[in-house]
Structure formats: structure tokens, C-alpha cells
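Chain residues, written in single-letter form:
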Amino acid sequence: MTRAKVLEYRSDIDWLRAVAVISVIGFHYELPGFGGGFVGVDIFFVISGYVISRLIWTGIQSNSFSFIAFYERRARRLLPALYLMIVVTGLVAWFLAPPGDYRMFFGSAISTVLFSSNVFFWSQTGYFDLPTIGKILIHTWSLSVEEQFYFLFPVVTWLWSRLFPDPTSKPSLGLVILGTVALCVLDELWIKQSPSTAFYIAPLRAWEFLIGSIAFFLHRWSPVRGETRLAFAALGLVSMLLAVVTFRAETRFPGLHALIPCVGAAVYIVAFNQEEGRPRLPFSEIGAFLGRLSYSLYLWHWPVFVLGRAALPLDVATSAAATAGLLLCSLLLAYFSYVIVERPARARTVWVGVRGSPVIAGVAAVLFAVGIHGVAHDGYADRFPQSQARMLRYDSRTMEPFYRAHSCFLQPDEPASAYDFEACLKPAANKRNILLAGDSLAAHYAWALRSYLSSDAYHLLQLTSGGCPPFVELKLRSSRNCNDVNQLLRDQIRAHRFDAIILSGNWRAYLETYGQPPARRVDGHLNALLVVAQETGVPVLLLGPSIEFPAPLASTLFNHEQTHVPIGNALMPKDASFEADDRLREIARAYPLVQYVSILGTICSKRRCPLTIDAETPIVWDTIHFTPEGSRFVVSQLAPQLDAFLQRLEQPSGAGTNEILAGDGPTATRNPAPSRIQ
């Protein structure tokens, strides 16, 4: 076989890698100006498409391409540094990770070793999810997408070369562009069906790699004049930075929005395709250095961030000094990983007389076995006392039955057709039918209300959807079912299919999202719903904002007992929740049929709220959602207001509206549960 052609080093590609990794780190570390920094992953995909296309086609055209050599080279490039990161992260997590999180860590490590962590985290995606130690390897999803691309793309390229020896011919290039556009459109369409699928699954992201391939195919048409090349580079860079600065986590993504950074990256690459006369980039040495470190930086930055914040008090962890320290730690770890592992592994094919591939396979087998053992032993729960393990027994999966998930409570990527009308919305004869409506902060009352309401006299219906404000006039794109659910809510109220509504939502978040002046859209959206209820004579029990902590309560209590690190303000409820409480009370006053209940006013005293129900049970399991015991405790404290509302339902229509107008109703006795830390 002909000897493989040595490809020239392109410092501009490393400079682009630096842009990509800085964008991702800025987003994950919550730095100002990096709201859309997640597009750095898409830039990496374009770079990978370009680099791999260049490598494979150069080998094919020089008759030197080898599948075995290609896969071994990719393995040496990616896996040793990845395995080192997994091992070190697992050792540190032993001291910090709760059993459930540690079990998930082992599960994600197994999937990472099997090049399928994107599928693993796709299957684990849930509405309640938080960035916990259990998902400390979540950033490896993009590596799995790349690895799956590397498995398939060489075969497809080799077959393509049998049909089109010249990939830059018009028929070949036209078909590749057509396929790229088709996959991009499919990705855009899939977002509506399942945003998490469109985000995580490799075939729906393949078009981004193909854009990189197109950048390679355009080599012969790439600009030569220095001014034109700089214009192309500037245009590409502006497109990428525009996405980094203007995109937000709620931006519809990937789909068509991802075209902006991806095409920008491709235009930048095309600008420097011609070897002769490449213009010098600003900060070229620093950019090239960070580009060479980019893979190790990507590997280490997220574990350092998650573990660092878990080990520090909230006040310290979120400070600028801590962020700077974590960034420096990530950079140092990346440098040592690059020098000690990544660079030697790329340069050498043999270690101690053994080829690299058997060594890498052996390490993978050991990691796989350790992962299986960790999962089988439930994250080694016996590391901690049973009482601490019980403090963490609730998570997004265990809560689903209490919230009636996937039947009466839909997650954002579920269609409205998944709603179980028979079980959740069918009125009962000879009973007072009460509808519980809203988002997850309505659903977390379902368990307690079903127990509190007498089954002989009352029937609780439930129409709830995660992240879905009960605003009947709002059109929400981030949920697959919200618009349909709100339309159904309006129709059910107008049909008067129930006797009363209990309404709740994440009012603090909605006021911050939709309630900013001058429009104050929350007022209009909520008023639209309350007007419908008022016109049809349906009484509404409007539950105010729930307790919301700035850090996950259960894991904060757990970490405090483990490390005795001061908690600071991590267990003080958010001030914005009390401000939202005042705003909701003001809105409710205009409606005689609306009885407002302040959750915070009932169970908190002087802005200090209960943390636990007993020594082993927190009142909320994350930052805001009640545990089953917490839900029952809160509802029990609301008994006077609930009883007053139920009494109104027994009165003839129109009677009693002067006794309890929109307000808090009778005030419950404040008797918060004992708390170990206040």
C-alpha cells in the first residue's frame, strides 16, 4: 500500500477549536456574554467533519487509506485522556456523591466506554433533572456522537468514493449539500416531536459534520486573495460569536438555529483552505495553544465545575473567585492530561512493547467491569449511614407516581395525546369535581390533596404539564403539549365540567420570564384564565409561590453532614419568591371568585421556612418540588383555607362571595415542621 500522505498542520483549525472550547466553558461556568456558548459543541462537530473528511479522502486518493489504522488513530486520539478523566472523577466522587448519584455515574461511565452516553442521557432526560454529580459525565454525550460518526462515516465515504472518485464534482457536491439540508430540516421538524431526541441522537446531528465535509470539498473554490480570506474569516467568526452572545438555553435548538454557528465555522475554515499566504490570526500563539488543549479542556472543565461546587458552600461556590479558581484548575488538569496522556498516546502506537489498541481495550474492559459492579451495588450506599441515604431517596424517577407522571402530568416532550382523559379528567357523578391545574408545582400537591379530600364527597381531577404556565393565551414553543393543554383547560372551564379549580404554578419563574415591565405579560396571561373562570362562575383556589431554595435541599443537607462545610445562604428561600407572592395576591384581588392562598405566608415565619419533615425527610427533594411527606405537611397547614374554600362550594351560586373575597382567606396557624438547620 502506498505510504500515507502527511497532512500539513493548520494552526487556524486549532484557533477555531479554542473558540469552540472557550464558548462551551463560558456557558457551563455561567460567564456573562456566553448565554449561547453551548454552540461550541456544534463548532466542534463541524471541525470534526472537516478533519475526518480531509483525512479519509486524502488517504483514499493516495491509495493509502486503512480502516484499521483510522480506527486505531481515533482510539489513541480520544480514549486514553477520556479514561483518565473517568477514573479521577470516580475517585473524587466517592467522597462527595450520594448513592443515587454515584450509581448514575457508574451507569454513565459504562455508556461512555460503549460510545453511547448520548443515548444514555437522552433516556435519562427528565423535567425535574438538575446538574448533579450523577450527571457529571453528561458532557461526554457529544463525544459519543462523534465516535458514532467515526464508526460509520469512513465506510460511507469509502462507498461514496466508488461512485464519485472526485468528491468535489458537481454531482457529488450537489448530493452532499442536498442530504445536509434534508437532515437539517428533519432535525428542525423533530424538535417539535421530541427536543431531547433532536439534541442527543447522532443521525439528527449528522448534518453538522457534513457541513464540515462540505468545507473540505470547497477547497478548490476557496479564496486566495488576502483581503477576501480575511473577509470570509471575519464573517464566519461574527456568525459564531453572534450565536454565542445572543442564543439562550431556551432557544429552539439545534435545528435551523444551529445553522448560524455551523455555517459560520465552515466559512471560517474555507477562508484558510488554501495553503499559500494564510494571514496571521490575532493571538495566534495563545489560540493555537488552547486549541491543542481543547479536547482535554473539554473533558475536565465540567467535572471540575460540578465537583468543585458540590464541595464548596453555595456563597463561595458561586463567587467570582471560586469560578476563577475552578477555571484555573481545569486549565492545569487539561495541561497535565495533554502532556502526560493525550500527546504521548497520539504519538506512540506501542507501549512497553504492546500495541496501543490492546492496552486501550484492556482499560475499557476494566472500566466496564467496575461500572457494572458500581451499578449492581447501588452506588455503594453502605458508605453512608442509612439515615443519610434516606434523605436522598427521592429523585425525578421516584417522584413520578406521586405526581401521576405520563398520565395526568405530562413532561414537555410528551404529546397531549399521552394524557389519560379517563383517569384524569372524567367527572364523577354525585361528587364535587375539583380540577387541579398548572405545571409541576401544581402536580406536587396531587398526592396530598387526594388524601385530604374526602373521597365520598370530592373527586380530584388533574390537568398538569411540566414547565407549562396555565396561561390560556400564551403560545409556548418549548413544550410539545402546553398549547394543547391550555386550550383544553379553557374548553373545560367554559363547559363547566367541574365545580372548582385549584391553580398553581412556578410563579416566581413566570414573573421573571413574562412579567417584566412595561408589558407585565403575566398579568394579562393570568387574567385571561381568571376571566374565563369568573365568567362561567367557577371558583378558583389560587395557590401562591412555593418555597424555593437556591441549592438542592436534600443534597445540601447531605453534604453538610458529610463535610461539615458551612451552608451559608444555600438553605434560605429565594427572596424573589416572596416578591412573587405579593404580586400574585395583588392580581387575585380583582376577582371575587378567586381565593388566594399564600403558601409562604402559611408555612414560613419571618422568611424562614421549614427544611425537613423529620430527621430523614426534606420538605422538597430538589430546590422547589415537594416530597410526598412535604406535600402532605403543607396541605395540612393549609387546612383552614382549604376548608373555607370547600364550604363555598356547598353554598348556593352567588352566595358567600362577600365573606371570602380574593385574599388569603382564614389564616392557618403557623406550625412549621422542626428543622435541624435554620
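Our structure's up above, just so we're on the same page.
Now for a look at the structure at hand. (Residues numbered from 1 in each chain as written. Predicted model: local features only at pLDDT ≥ 70, side-chain atom pairs only at ≥ 80, totals over all residues. Heavy atoms only, no water.)

1. Brief notes about the overall build of the protein
Within the protein, the secondary structure is distributed over 28 helices and 10 strands. Against the globule reference of 26 Å for 678 residues, the protein gives a C-alpha radius of gyration of 28 Å, in line with a compact fold. The principal-axis extents of the C-alpha atoms in the protein amount to approximately 95 × 55 × 45 Å. A buried classification covers 55% of the 678 residues belonging to the protein. (Helix = DSSP H or I, 4+ residues; strand = E, 2+ residues; numbered from the N terminus. Rg over C-alpha atoms; globule rule 2.2 N^0.38 Å. Buried < 20%, exposed > 50% of the residue type's maximum accessible area, 1.4 Å probe, protein only.)

2. Some remarks on the layout of surface pockets
Within this model, the second largest pocket holds a volume of roughly 1,300 Å³. Val51, Arg73, Arg74, Arg77 and Arg346 are, among the 48 residues lining the second largest pocket, the residues nearest its centre. Those elements that place two or more of their residues in the lining of the second largest pocket are α1 (11–28), α2 (40–61), α3 (67–96), α6 (141–163), α12 (284–311) and α14 (320–347). Counting residues per element, the lining of the second largest pocket draws most heavily on α2, which supplies 11 residues. (1 Å grid on protein atoms, 1.4 Å probe; cavity = no way out; pocket = protein on both sides within 12 Å on 5 of 7 lines; lining within 4 Å. Points joined across faces, edges and corners; volume = space filled by probe spheres on them.)

3. Quick word on the state of the cysteines
Counting across every chain of the model gives 3 disulfides. Bridging Cys468 to Cys482, the disulfide has an S-S length of 2.0 Å. One quick way to see it: the torsion about the S-S bond of Cys468 and Cys482 is about 80°, and its sign makes the bridge right-handed. Residue Cys468 is located in the loop between β5 (458–465) and α21 (482–494), and its partner Cys482 is located in helix α21; the two are separated by 14 residues in the primary sequence. The burial state of Cys468 is the same as that of Cys482; both residues are buried. Here Cys604 is linked by a disulfide to Cys609, with a sulfur-sulfur distance of 2.0 Å. (Disulfide = S-S within 2.5 Å.)

4. Points about the pattern of salt bridges
Think of it this way: side chains of opposite charge can pair up when their charged atoms draw near. Using the criterion set out here, one finds 22 salt bridges in the structure. For Arg252, the salt bridge identified is with Glu188, shortest N-O distance 2.6 Å. One end of the pair, Arg252, is in the loop between α10 (226–246) and α11 (259–271); the other, Glu188, is in helix α7 (residues 170–193), with 64 residues separating them in the sequence. A residue is classified by how much of its surface remains accessible, and Arg252, at 24% relative accessible area, is partly exposed. Each of the salt bridges in this network shares a partner with another, and the network as a whole consists of Arg508, Glu512, Glu548 and Lys574. (Salt bridge = Lys/Arg side-chain N within 4 Å of Asp/Glu carboxyl O.)

5. Description of the side chain of Arg17
Along the polypeptide, Arg17 turns up in helix α1. Taking relative accessible area as the criterion, Arg17 reaches 17% and is therefore assigned buried. Within polar-contact distance, the side chain of Arg17 engages the side chain of Asp14 at 2.8 Å. If near-sequence neighbours (up to four positions away) are discounted, Arg17 is found in contact with Phe44, Ile47, Val51, Gly291 and Ser294. (Polar contact = N/O pair within 3.5 Å; in protein donor to acceptor, adjacent residues only side chain to side chain. Contact = heavy atoms within 4.5 Å.)

6. Digging into the packing of helix α4 (residues 99–113) against helix α5 (residues 117–124)
Any two packed helices are characterised by how steeply their axes cross, that is the angle between the axes, and by the distance between the axes. Closest axis-to-axis distance for the α4/α5 pair is 7 Å, and the angle between their directions is 145°. Counted together, Met104, Gly107, Ser108, Ser111 and Thr112 of α4 and Ser117, Phe120, Phe121 and Gln124 of α5 form the full contact between these two elements. Here the contact of α4 with α5 is built from residues that sort into 3 nonpolar, 6 polar and no charged. (Axes fitted to C-alpha atoms, helices over the stretch in contact; angles between N-to-C directions. Nonpolar A, V, L, I, M, F, W, Y, C, P; charged D, E, K, R; others polar.)

7. Some points on a nonpolar patch on the surface
Among the surface-exposed residues, Phe289, Leu328, Leu331, Leu332, Tyr335, Phe336 and Ile340 lie close enough to one another that they form a single nonpolar patch of about 650 Å² accessible area. In terms of residue count, α14 provides more of the nonpolar patch than any other element does, 6 residues in total. The topology assignment puts Ile340 in helix α14. Relative accessible area serves as the criterion here: at 58%, Ile340 is assigned to the exposed category. (Patch = residues over 30% accessible without salt bridge, like charges linked within 9 Å, V, L, I, M, F, W, Y side chains within 5 Å. Areas by Shrake-Rupley, 256 points an atom, 1.4 Å probe, with all protein chains shown as cover.)

8. Points about the packing of aromatic side chains
Evaluation of the coordinates by the stated rule reveals 44 aromatic pairs. Ring plane angle 75° and centroid distance 6.1 Å describe the contact between Trp94 and Tyr102, whose orientation is recorded as edge-to-face. Ring pairing ties together the aromatic residues Phe45, Trp141, Phe149, Tyr150, Phe153, Phe199, Tyr200 and Phe209, which thus form one cluster. Over the ring of Phe199 we find Arg205; its NZ or CZ atom is 5.1 Å from the centre of that ring. Above the face of the Trp94 ring, Arg383 is positioned so that its terminal group lies 5.2 Å from the ring centre. (Phe/Tyr/Trp six-rings, centres within 6.5 Å; stacked < 30°, edge-to-face > 60°. Lys NZ or Arg CZ within 6 Å of the ring centre and 35° of its normal.)

9. Let's talk about empty space enclosed by the protein
Inspection of every chain in the model, using the stated rule, returns 3 cavities of 30 Å³ or more. Taken as a whole, the largest cavity holds about 40 Å³ of empty space. Gly438, Leu463, Cys468, Pro470, Val485, Asn486 and Leu489 together form the lining of the largest cavity. Ranked by residue count, the leading element in the lining of the largest cavity is α21, at 3 residues. Residue composition of the lining of the largest cavity, grouped by class: 5 nonpolar, 2 polar and no charged.

10. Observations regarding unusual backbone geometry
Looking along the chain, the bond that leaves Phe253 and enters Pro254 is cis, with omega of 5°. Here Pro254 lies in the loop between α10 and α11.

11. Notes on α14
End to end, α14 covers 38 Å across 28 residues, agreeing with the expected 40 Å (1.5 Å per residue, within 8%). Helix geometry: α14 is bent most strongly at Tyr338, by close to 45°. Here α14 has its buried residues at Ala322, Thr323, Leu326, Ser330, Ala334, Ser337, Tyr338, Val341, Glu342 and Ala345. (Expected span 1.5 Å × (residues − 1). Bend = angle between axes of the 7 residues up to and from the residue.)

12. Notes on the pairing of strand β7 (residues 540–543)
Side chains of β7 alternate between two faces, with Val540 and Leu542 and Leu541 and Leu543 buried alike. With 3 bridges connecting them, strand β6 (residues 500–504) and β7 associate as parallel partners. Across the sheet, the residue bridging to Leu503 is Leu542, located in β7. (Pairing = 2+ DSSP bridges.)

13. Side note on the packing of α3 against α12
As a packed pair, α3 and α12 sit with axes 10 Å apart at the nearest point and diverge in direction by 5°. The angle between α3 and α12 places the two elements in the roughly parallel class. Residues Arg77, Leu78, Ala81, Leu82, Leu84, Met85, Val88, Thr89, Val92, Ala93 and Leu96 of α3 lie in contact with α12, whose contacting residues are Tyr295, Leu299, Trp300, Pro303, Leu307 and Ala311. Here the residues of the contact of α3 with α12 are counted per class, giving 15 nonpolar, 1 polar and 1 charged. (Parallel < 35°, antiparallel > 145°, perpendicular 65-115°, else oblique.)

By themselves, these are just geometric observations and shouldn't be taken as functional.
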